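Architecture and fold: a report
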Amino acid sequence: MILDALTRAQAARFAALDPLLPEPAPPPDGAVLTAALPGGERVAGVVVRTLHQPGAAQTLWSARDVRELHPIVGGTGGAGVDALLSRWRQRLEPSGPDSSCVVTWPSRDAEATAPLLAHGFVPLTVLAARTGRLPLGTSVCAVRRATPADLDALVDLAMAEVEYAALVGGGIVRPDARAIKRATVSGHLERGDPTWIAELEGVAVGMVEAWETDAQPGSWARTRVRAGRWVFVNCLSVLPSARGLGVGRTLMDAVHGALLGPRSAGSFLYYNPPNPLSPTFWARQGYRPLWTVWELRPADALR
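Keep in mind that what you see is a predicted model, and the values were worked out from it rather than measured. (Residues numbered from 1 in each chain as written. Predicted model: local features only at pLDDT ≥ 70, side-chain atom pairs only at ≥ 80, totals over all residues. Heavy atoms only, no water.)

A tally of regular secondary structure across the chain gives seven helices and eleven strands. Projected onto its principal axes, the C-alpha coordinates of the chain cover approximately 65 × 45 × 30 Å. Within the chain, buried positions represent 48% of all 303 residues. Considering only residue pairs separated by 6 or more positions, the chain has 74% of its internal contacts joining residues 24 or more positions apart. Accessible area for the chain stands at about 14,100 Å²; split by element, carbon and sulfur atoms hold 55% of it. In the chain, which carries 30 positive and 28 negative side-chain charges, the distance between the mean positions of the two groups comes to 3 Å. (Helix = DSSP H or I, 4+ residues; strand = E, 2+ residues; numbered from the N terminus. Buried < 20%, exposed > 50% of the residue type's maximum accessible area, 1.4 Å probe, protein only. Contact = heavy atoms within 4.5 Å. Areas by Shrake-Rupley, 256 points an atom, 1.4 Å probe, with all protein chains shown as cover. Lys, Arg positive; Asp, Glu negative; His and termini not counted. Charge placed at Lys NZ, Arg CZ, Asp CG, Glu CD.)

In structure tokens:
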């Protein structure tokens, strides 16, 4: 009963914060946490533990042992988040070095920022969305749909993104990273997931993967964006030697032109705020933060 009341109050607060946020989904199955504020008001949360197996694609941007907290704090804002994080620290089980604690929270909820920082979290990832249309720019390179013959070049480009993300964000260059990327890219090509490749003077210098997804009840997308048909941009990568020339914008023009139609609700993607290139680039493309993924590694670092 308390969870239902907190969920309704949280839904109302989120709607007031950001009209683009979806209605909160029911909490997932997991370990339930409860905490009390100094005035006696209670908040709750659900902790879900995920163990990624070696070789899984997620291990290139995530720890293998992930404990994710889904706060349900009603209308208490930052105070409720702080109380819940303190309770989580008391209940946290010991973990190894390849572990993390994760909280995904609306980017516009500034009240939650101070408590998350105080407990050791950093904003490593943002889910950004775009709902409007922008005029297309002038192409600076040749862009075409990729084919299986481009696999080697696509893997090189994907690895360039992983390596840069490891410098400035949460990416992890594991020993099997190239094999993981090769299997992932090959799988996208085999399934026909749209992939574009950019070339300058016949040399592959950039790539982007993107596809349409329906945000329907029960789907992962529905927990992050409002109901409708969306375009999800999975990976954009430009070689270091070609950055700053407009290759990324030309690739995104191809994505937006091909996949965004009259019935599209918009498009969304993930980027790393610590990346000195990403926030400015994606803002110019019309994307703005919707959710922030707060993370700390290892999990034992939770304060």
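As for its position among the elements, Pro-240 is in the loop between strand S9 (228–238) and helix H6 (247–259). You can call Pro-240 exposed: its relative accessible area is 54%.

This next bit is on the nonpolar core. Ranked by internal contacts, the top residues of the largest apolar core, which has 37 residues, are Trp-88 and Phe-121. Contributions of two or more residues to this core are made by strand S1 (31–36), strand S2 (42–51), helix H2 (77–91), strand S4 (99–106), strand S5 (122–130), strand S8 (203–215), S9 and strand S11 (288–296). Ranked by the residues each element gives to this core, the list is headed by H2, at five residues. Here Phe-121 is in contact with Leu-85, Trp-88, Cys-101, Val-102, Val-103, Leu-116, Trp-294, Glu-295, Leu-296 and Leu-302, once residues within four sequence places are set aside. Grouped together as the second largest cluster of nonpolar side chains are 23 residues, Ala-128, Val-231, Leu-251 and Tyr-271 included. (Core = buried A, V, L, I, M, F, W, Y, C linked by side-chain atoms within 4.5 Å.)

For the rest of this paragraph, the subject is the state of the cysteines. With the rule as written, the count across this model stands at zero disulfides. The closest cysteine sulfur to the non-disulfide-bonded Cys-141 is located on Cys-235, 16 Å from its own sulfur. (Disulfide = S-S within 2.5 Å.)

A rise of 1.5 Å per residue sets the reference length of helix H1 (residues 2–17), with its 16 residues, at 22 Å; its end C-alpha atoms lie 22 Å apart and thus fit the reference within 8%. Those residues of H1 that are buried are in contact with S2, strand S3 (65–72), H2, S4 and S11. (Expected span 1.5 Å × (residues − 1).)

For the pair helix H4 (residues 151–168) and helix H5 (residues 177–191), interaxial distance at closest approach is 9 Å and the crossing angle is 125°. Considering the angle they form, H4 stands oblique to H5. By crossing handedness, the relation of H4 to H5 is classed as right-handed. In this structure, H4 contributes Leu-151, Asp-152, Leu-154, Val-155, Asp-156, Ala-158, Met-159 and Val-162 to the contact, and H5 contributes Ala-177, Arg-178, Lys-181, Arg-182, Val-185, Ser-186 and Leu-189. Tallied by class, residues from the contact of H4 with H5 come to nine nonpolar, one polar and five charged. (Axes fitted to C-alpha atoms, helices over the stretch in contact; angles between N-to-C directions. Parallel < 35°, antiparallel > 145°, perpendicular 65-115°, else oblique. Left-handed = near helix turned anticlockwise from the far one by under 90°. Nonpolar A, V, L, I, M, F, W, Y, C, P; charged D, E, K, R; others polar.)

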